[in-house]
Amino acid sequence: MTRKVRVGLLGCGVVGTGIVRLLHDNARTIEGRLGAPIEIVGIAVRDLSKPRDAIVSAPLVTEDAMSVATHPDVDVVVEVMGGLHPAGELVKAALDLGKHVVTANKALLAEEGDALLETAEQKKVDLYFEAAVAGGIPIIRVLREGLASDRIVALRGIVNGTSNYVLSRMQHEGLDFADVLKDAQRLGYAEADPTLDVGGGDAAHKLAILATLAYGARVHPREILKEGIDTVGAVDMRYAERFGFVIKPLAIARPVPWGREEALDLRVHPALVSKSSVLASIGGALNAVFVEGAMLGPCLMSGPGAGALPTAMSVVSDIVDVGRNMLVDSHARVPTRAFRGESLQTMRVRPSAEHRCRWYLRFSVADQAGVLARIAGVLGGFDVSIEQMVQEGGRGGSSVPATLVMLTHEAREGDVREALSEIARLAYCHEAPRALRVEEDA
Ligand SMILES: NC(=O)c1ccc[n+]([C@@H]2O[C@H](COP(=O)([O-])OP(=O)(O)OC[C@H]3O[C@@H](n4cnc5c(N)ncnc54)[C@H](OP(=O)(O)O)[C@@H]3O)[C@@H](O)[C@H]2O)c1
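Keep in mind that this is a model prediction, so the values were computed, not measured. (Residues numbered from 1 in each chain as written. Predicted model: local features only at pLDDT ≥ 70, side-chain atom pairs only at ≥ 80, totals over all residues. Heavy atoms only, no water.)

A. Examining the overall build of the protein chain more closely. Looking only at helices and strands, the protein chain has 14 helices and 19 strands in total. Whereas a compact globule of 442 residues would reach a radius of gyration of roughly 22 Å, the protein chain reaches 24 Å, a difference of no more than 12%. Once local pairs closer than 6 in sequence are excluded, the contacts in the protein chain between residues at least 24 apart make up 74%. A total accessible area of about 18800 Å² is found for the protein chain, and carbon and sulfur atoms account for 51% of it. Placing the 48 positive and 56 negative side-chain charges of the protein chain at their respective mean positions leaves the two points 1 Å apart. (Helix = DSSP H or I, 4+ residues; strand = E, 2+ residues; numbered from the N terminus. Rg over C-alpha atoms; globule rule 2.2 N^0.38 Å. Contact = heavy atoms within 4.5 Å. Areas by Shrake-Rupley, 256 points an atom, 1.4 Å probe, with all protein chains shown as cover. Lys, Arg positive; Asp, Glu negative; His and termini not counted. Charge placed at Lys NZ, Arg CZ, Asp CG, Glu CD.)

Structure, rendered in structure tokens:
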């Protein structure tokens, strides 16, 4: 029996350094819970000459990542370097040698997770990834173990802290997207290239992982409807508020009837949620996952979705879990994807055109008689009816455009899209209409 859990660390940046710090500071607690100490035997980085935190032991650090991933003394390879290459090759090499792997890399899991998890299952080793979704919130463990007896009716989350931070500041300070984003980059809440975060790609990676765990379905991020927060304006925040809503960056997965079968409704987009809803209160860079179990009912988990120590906490908890399995020789006791490999299915994803919800619509139009009637007529022609409406601006027939904002009754997405493209072609429409979904049960 191994009386030490020996770790090879791939990457020693924000999260890697947090892991070294946490293993040092919480060593006694961890040993008490695991029944053995965790020891780092090697640390791989890209650039040896970079200055490191004093807590990182220099003799352990190398630029030869493969030597760490395949080191004979390493029991658990911890991948926190990010990206697909060489992280994917290193993880694969470690699994092939029968080593357990813990990773925080959602991009790698979303793109290559199926193949890597199958290798792990064949080799009867653990591949854990708690930190890959919602950083410090233990949502993976909850889906895998805590909710193992329940059917998940719906899962709605705020899983991208950057998007939540940007929208929260737009809401509270009345600022526009571009101004908040610039400030968020200066303060370290957004990357220099924020595309993956504000464009919804990062949330789609995480939703693909969550949907697999919740529904036992193989999901690829490209199957997920994805809209970023970059089309939301400060003006939308104000009107949403007037209608009793706030705008939140949501990731949604739920089974829905589709034909004779069930399909998955998978969406990542900003949405209007009632001011009194659970997710409306999740502000700043916080993350949250709101799960509705058929028997459990609603259950909310919220907390830091990123940051060195919260993320390191999730990674090290995974190492503890793997270590516990090692010490009693019970690898793969809990299926990594929450369902046994043989019962994983390929579920159909319902086309987004079939989604029905209320809609927030904003038009910038010439302030002329008959414009409103024409727009309402086009919407009505596609079975989209108006529940509430506000008209502002314009100066009675001048060239200053008027803003027309509507909340519709429930309407089919495909119909709304067709109506909006017809309206966009009308001569008195000054810019493309803006449309945001209302999410009722958030
Ligand atoms: N930061 C967070 O709050 C957070 C939260 C959840 C999940 N994650 C995930 O955790 C992972 C790591 O994120 P991070 O923020 O810690 O990244 P980071 O600060 O950029 O650190 C990456 C580390 O990997 C090393 N590295 C990169 N490419 C390498 C290569 N080819 N060979 C050897 N070493 C290499 C870098 O070496 P150098 O130091 O020499 O450059 C660095 O030490 C990512 O998958 C990320 O998505 C991060």
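Following the structure, the description resumes.
B. Spatial organisation of the nonpolar core. Formed by 55 residues in total, the largest nonpolar core has its most connected members in Ile139, Leu143, Leu155 and Tyr215. Two domains share this core, each providing at least three of its residues, namely domain 1 (5-134 + 308-343) and domain 2 (140-305). Residues in contact with Leu143, not counting those within four places in the same chain, are Ala148, Ile152, Leu155, Leu210, Leu213, Ala214 and Ala338. Membership of the second largest hydrophobic core comes to 33 residues, among which are Val15, Ile19, Ala104 and Leu327. (Core = buried A, V, L, I, M, F, W, Y, C linked by side-chain atoms within 4.5 Å. Buried < 20%, exposed > 50% of the residue type's maximum accessible area, 1.4 Å probe, protein only. Domains from an automatic or database assignment.)

C. Seen up close, the pairing of strand E7 (residues 152-158). For E7, the buried fraction is high: six of the seven residues fall into the buried class. For E7 and strand E11 (residues 286-293), the ladder comprises six bridges, and the chain directions are antiparallel. Each bridged residue has a counterpart across the sheet, and for Ile158 the counterpart in E11 is Ala288. Here E7 runs beside strand E9 (residues 245-258); their pairing, made up of three bridges, is antiparallel. Bridging across to E9, Leu155 finds its partner in Ala253. (Pairing = 2+ DSSP bridges.)

D. Expanded view of the state of the cysteines. Within this structure, the stated rule accounts for zero disulfides. Free cysteine: Cys357, not disulfide-bonded; nearest cysteine sulfur from Cys429 at 20 Å. In this structure Cys357 comes out as buried when scored by relative accessible area, which is 5%. (Disulfide = S-S within 2.5 Å.)

E. Just the packing of helix H4 (residues 87-96) against helix H5 (residues 106-123), in detail. Viewed as axis vectors pointing N to C, H4 and H5 meet at an angle of 10°, and their least axial separation amounts to 9 Å. Between H4 and H5, the angle is such that the two are roughly parallel. On the side of H4, the interface is formed by Ala87, Gly88, Val91, Lys92, Leu95 and Asp96, while H5 contributes Leu108, Glu112, Leu116, Thr119, Ala120 and Lys123. Of the residues contributing to the contact of H4 with H5, the split by class is six nonpolar, two polar and four charged. (Axes fitted to C-alpha atoms, helices over the stretch in contact; angles between N-to-C directions. Parallel < 35°, antiparallel > 145°, perpendicular 65-115°, else oblique. Nonpolar A, V, L, I, M, F, W, Y, C, P; charged D, E, K, R; others polar.)

F. Layout of the site of the ligand. Near the ligand there are 22 residues, and of these Cys12, Asp47, Lys50, Arg52 and Gly307 occur at the shortest range. Cys12 has a polar backbone atom sitting 2.8 Å from an oxygen atom of the ligand. Lys50 places a side-chain nitrogen or oxygen 2.6 Å from an oxygen atom of the ligand. In this structure the site holding the ligand corresponds to the largest pocket. When grouped by side-chain class, the residues that make up the shell around the ligand number eleven nonpolar, six polar and five charged. (Near = heavy atom within 4 Å. Polar contact = N/O pair within 3.5 Å; in protein donor to acceptor, adjacent residues only side chain to side chain. 1 Å grid on protein atoms, 1.4 Å probe; cavity = no way out; pocket = protein on both sides within 12 Å on 5 of 7 lines; lining within 4 Å. Sits in = over half its atoms within 2 Å of the grid points.)

G. Inspection of the layout of surface pockets at higher detail. Size it by volume and the largest pocket reaches roughly 1600 Å³. Lining of the largest pocket is provided by 50 residues; of these, Val14, Val15, Met81, Lys106 and Glu191 occupy positions nearest its centre. If you list the elements that add at least two residues to the lining of the largest pocket, you get helix H1 (14-25), H5, helix H7 (161-173), helix H9 (195-198), helix H10 (201-215) and E11. Sort the elements by how many residues they give to the lining of the largest pocket and H10 lands first, with three residues. Across the lining of the largest pocket, the residue classes break down as 23 nonpolar, 16 polar and eleven charged. Shared between two domains, the lining of the largest pocket takes at least three residues from each, and those domains are domain 1 (5-134 + 308-343) and domain 2 (140-305). Of the voids in this model, the second largest pocket is the one considered here, and its volume is about 320 Å³. Put simply, the parts of the chain that give the lining of the second largest pocket at least two residues each are helix H6 (139-146), E7 and H10. In terms of residue count, H10 provides more of the lining of the second largest pocket than any other element does, three residues in total. (Points joined across faces, edges and corners; volume = space filled by probe spheres on them.)

H. Up close: the pattern of salt bridges. With the rule as written, the count across this model stands at 37 salt bridges. Between Arg21 and Asp25 there is a salt bridge, and its shortest N-O distance comes to 3.7 Å. Taken together, the residues Arg21 and Asp25, both in helix H1 and four residues apart, mark about one turn of the helix. Relative accessible area serves as the criterion here: at 30%, Arg21 is assigned to the partly exposed category. Its relative accessible area of 47% is what places Asp25 among the partly exposed residues. (Salt bridge = Lys/Arg side-chain N within 4 Å of Asp/Glu carboxyl O.)

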